[in-house]
Amino acid sequence: MEGKSIIITGGATGLGKAMAMEFARLGADIVIASRNLENLEKAAKEISTFNNKVIVTQTDVRSPEQVEKMVRRAVEENGKIDILVNNAAGNFRVPSLDMSVNAWNSVVDIVLHGTWYCSQEVGRQMVFQKTGGNILNIGSTHVWSGNPGTAHSTAAKAGVLALTKTLAVEWAQENIRVNLIAPGPIEGTGAAEQLWSTPELEKAVLNRIPSGRMGTPKEVAYLASYLVSDYASYVTGSSFVIDGAGHLNKGGV
Ligand SMILES: CCCCCCCCCCC/C=C/C(=O)SCCNC(=O)CCNC(=O)[C@H](O)C(C)(C)COP(=O)(O)OP(=O)(O)OC[C@H]1O[C@@H](n2cnc3c(N)ncnc32)[C@H](O)[C@@H]1OP(=O)(O)O
Ligand SMILES: NC(=O)C1=CN([C@@H]2O[C@H](COP(=O)(O)OP(=O)(O)OC[C@H]3O[C@@H](n4cnc5c(N)ncnc54)[C@H](OP(=O)(O)O)[C@@H]3O)[C@@H](O)[C@H]2O)C=CC1
């Protein structure tokens, strides 16, 4: 990945940070983008231990203007963009019947609209560069299994899956690959804080995973590294589940 310029939204924490660390270890220059500047700067220090260029940009992906600024900054600093990882997301548990309009909108805005704003802006830049490139979206297995309590996130991630397939077909002629990773529960992440913060919930989640454990951020980062690398040069429009067979487990008798 030497010389590659990579933007990772939500790159200061959880899976985003794990991907940023692994891509940096492999030689890439990294741009991490999210809202909390303190988190961004702390993560940048860790990522830069690999001696690469690490840029932070305080960006709310719900704002097309801020996304445009993020892309301009990445191009000014690195001269180009090779890879975008749409990882930023919001989620929390709330019964559908109690969910406020604002609660629905905040998650759909971050997950679906944010992914779209970033993809369109970066896609235009890649076409302008005439270099091709690739986009990796972070989805979720709950698109297929459903997940009571997170209707906003489930619906938005389903939109991201459909967008992945559509852009892969539309932008293949521009040599832009678009793929998706669908993780199941991964330990030590924002999802853990938001979705299984009590021992009871954690146990319920673990009980549904045939592999008997949650995934680790590094395991997701390794899959991401393959997908954004040239080893995956003929892979586009695909989604990759990484969940210890969790979404296949219907309980049995
Ligand atoms: C059995 C357990 C289930 C196991 C499942 C296993 C499968 C795993 C699948 C996981 C898939 C996806 C995972 C993830 O995406 S995890 C990402 C987690 N990280 C984050 O969420 C970090 C970022 N989050 C946030 O910034 C916030 O949580 C938020 C998304 C809310 C956005 O912040 P913002 O500042 O924009 O929003 P507000 O605070 O102003 O709130 C907006 C409205 O939303 C209402 N709200 C917020 N939190 C809750 C809550 N916990 N319950 C109910 N409603 C909530 C808030 O009240 C606002 O609405 P109102 O104005 O009407 O009050
Ligand atoms: N961990 C898991 O088990 C699973 C995770 N996923 C997906 O993996 C990805 C990473 O999740 P995870 O690491 O768990 O969670 P985190 O909470 O650690 O990461 C989410 C990141 O998104 C950023 N973010 C949230 N809202 C915005 C916004 N409006 N603009 C810019 N950045 C934003 C947050 O930073 P800030 O708040 O500072 O903006 C944060 O860094 C997400 O797409 C999630 O849906 C999917 C399935 C399972």
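Quick notes on the rules
Residue indices follow the written sequence of each chain, beginning from 1 at its first position. The lettering of chains begins at A and the numbering of ligands begins at 1, in the order of writing. Local features in a predicted model are, by the rule used here, given only for residues with pLDDT of at least 70; side-chain atom pairs are given and counted only at 80 or more, and totals for whole chains, interfaces and linings are based on all residues. UniProt positions are given in the numbering used here, feature names are shortened, and annotations may be inferred rather than shown by experiment. Only DSSP runs of H or I covering at least 4 residues are called helices, and only runs of E covering at least 2 are called strands; the numbering of each starts at the N terminus. When we talk radius of gyration, it's over C-alpha atoms, and the globule rule is simply 2.2 Å times the number of residues to the 0.38. The contact criterion used is a C-beta to C-beta distance within 7 Å, with each C-beta placed from the backbone. For a helix, the expected span equals 1.5 Å multiplied by the residue count minus one. One axis is fitted to the seven residues ending at the residue and one to the seven starting there. The bend at that residue is the angle between these axes. Whether a residue is near a molecule or strand depends on its C-beta atom, generated from backbone atoms, being within 6 Å of that molecule or strand. Amino acid classes used here: Ala, Val, Leu, Ile, Met, Phe, Trp, Tyr, Cys and Pro are nonpolar; Asp, Glu, Lys and Arg are charged; the rest, including Gly, are polar. Each axis is a line fitted through C-alpha atoms, taken for helices only over the stretch in contact, and angles between the N-to-C directions span 0 to 180 degrees. The cut-offs work like this: below 35 degrees is roughly parallel, past 145 is roughly antiparallel, 65 to 115 is roughly perpendicular, and the gaps in between are oblique. Definitions for this section: a left-handed crossing has its near helix turned counterclockwise from the far helix by less than a right angle. A right-handed crossing has that turn clockwise.

Labelled according to an unreviewed UniProt entry, the chain appears under the name Peroxisomal trans-2-enoyl-CoA reductase, originating from Oceanobacillus halophilus. Quoted straight from UniProt, the Pathway (unreviewed entry) entry for the chain says "Lipid metabolism."

Caption draft 1: Spotlight on the overall build of the chain. The helix and strand inventory of the chain stands at 9 helices and 7 strands. Relative to a compact globule of 253 residues, whose C-alpha radius of gyration would be 18 Å, the chain shows 17 Å and is just as compact. If you line up the chain on its principal axes, its C-alpha atoms span 55 × 40 × 35 Å. Across the chain, contacts joining residues at least 24 apart in sequence account for 73% of those joining residues at least 6 apart.

Caption draft 2: Layout of helix H4 (residues 101-129). The end-to-end C-alpha distance of H4, which contains 29 residues, comes to 40 Å, matching closely the 42 Å that a straight helix rising 1.5 Å per residue would cover. Considering bend angle alone, the principal kink of H4 is centred on Asp109 and spans about 40 degrees. Just downstream of H4 lies Lys130, where phi reads positive at about 60 degrees.

Caption draft 3: Fine view of the site of ligand 1. Gly90, Ser100, Asn102, Ala103 and Gly190 are the nearest of the 24 residues found near ligand 1. Secondary-structure elements contributing two or more residues to the shell around ligand 1 are H4, helix H7 (190-195) and helix H8 (199-207). Classifying every residue of the shell around ligand 1 gives 12 nonpolar, 12 polar and no charged.

Caption draft 4: Broad picture of the packing of helix H1 (residues 14-25) against helix H9 (residues 217-228). It is the contact of H1 with H9, at a shortest axis distance of 8 Å, that shows an interaxial angle of 55 degrees. Considered as vectors, H1 and H9 are oriented oblique to each other. Handedness of the crossing formed by H1 with H9: right-handed. Mapping the contact onto sequence places Gly14, Leu15, Ala18, Met19, Glu22 and Phe23 in H1 and Pro217, Lys218, Val220, Ala221, Tyr222, Ala224 and Ser225 in H9. When the residues that make up the contact of H1 with H9 are grouped by side-chain class, the tally is 9 nonpolar, 2 polar and 2 charged.

Caption draft 5: Geometry of the packing of H4 against helix H6 (residues 151-171). Orientation of H4 relative to H6, taken along the N-to-C sense of each, is 15 degrees, at an axis distance of 8 Å. On the basis of the axis angle, H4 is roughly parallel to H6. You can see that H4 and H6 cross each other, and the crossing is right-handed. In contact with Ala103, Trp104, Val107, Val108, Val111, Leu112, Thr115, Trp116, Ser119 and Gly123 of H4, H6 contributes His152, Ser153, Ala155, Ala156, Lys157, Gly159, Val160, Leu163, Leu167 and Trp171. Residues that form the contact of H4 with H6 fall into these classes: 13 nonpolar, 6 polar and 1 charged.

Caption draft 6: Highlighting the site of ligand 2. The immediate surroundings of ligand 2 are formed by 29 residues, with Gly10, Gly14, Asn36, Thr189 and Gly190 found nearest. Listing elements by their share of the shell around ligand 2, those giving two or more residues are H1, H4 and H7. The dominant element in the shell around ligand 2, judged by the number of residues it contributes, is H1, at 3 residues. Of the residues that constitute the shell around ligand 2, the class distribution is 11 nonpolar, 15 polar and 3 charged.

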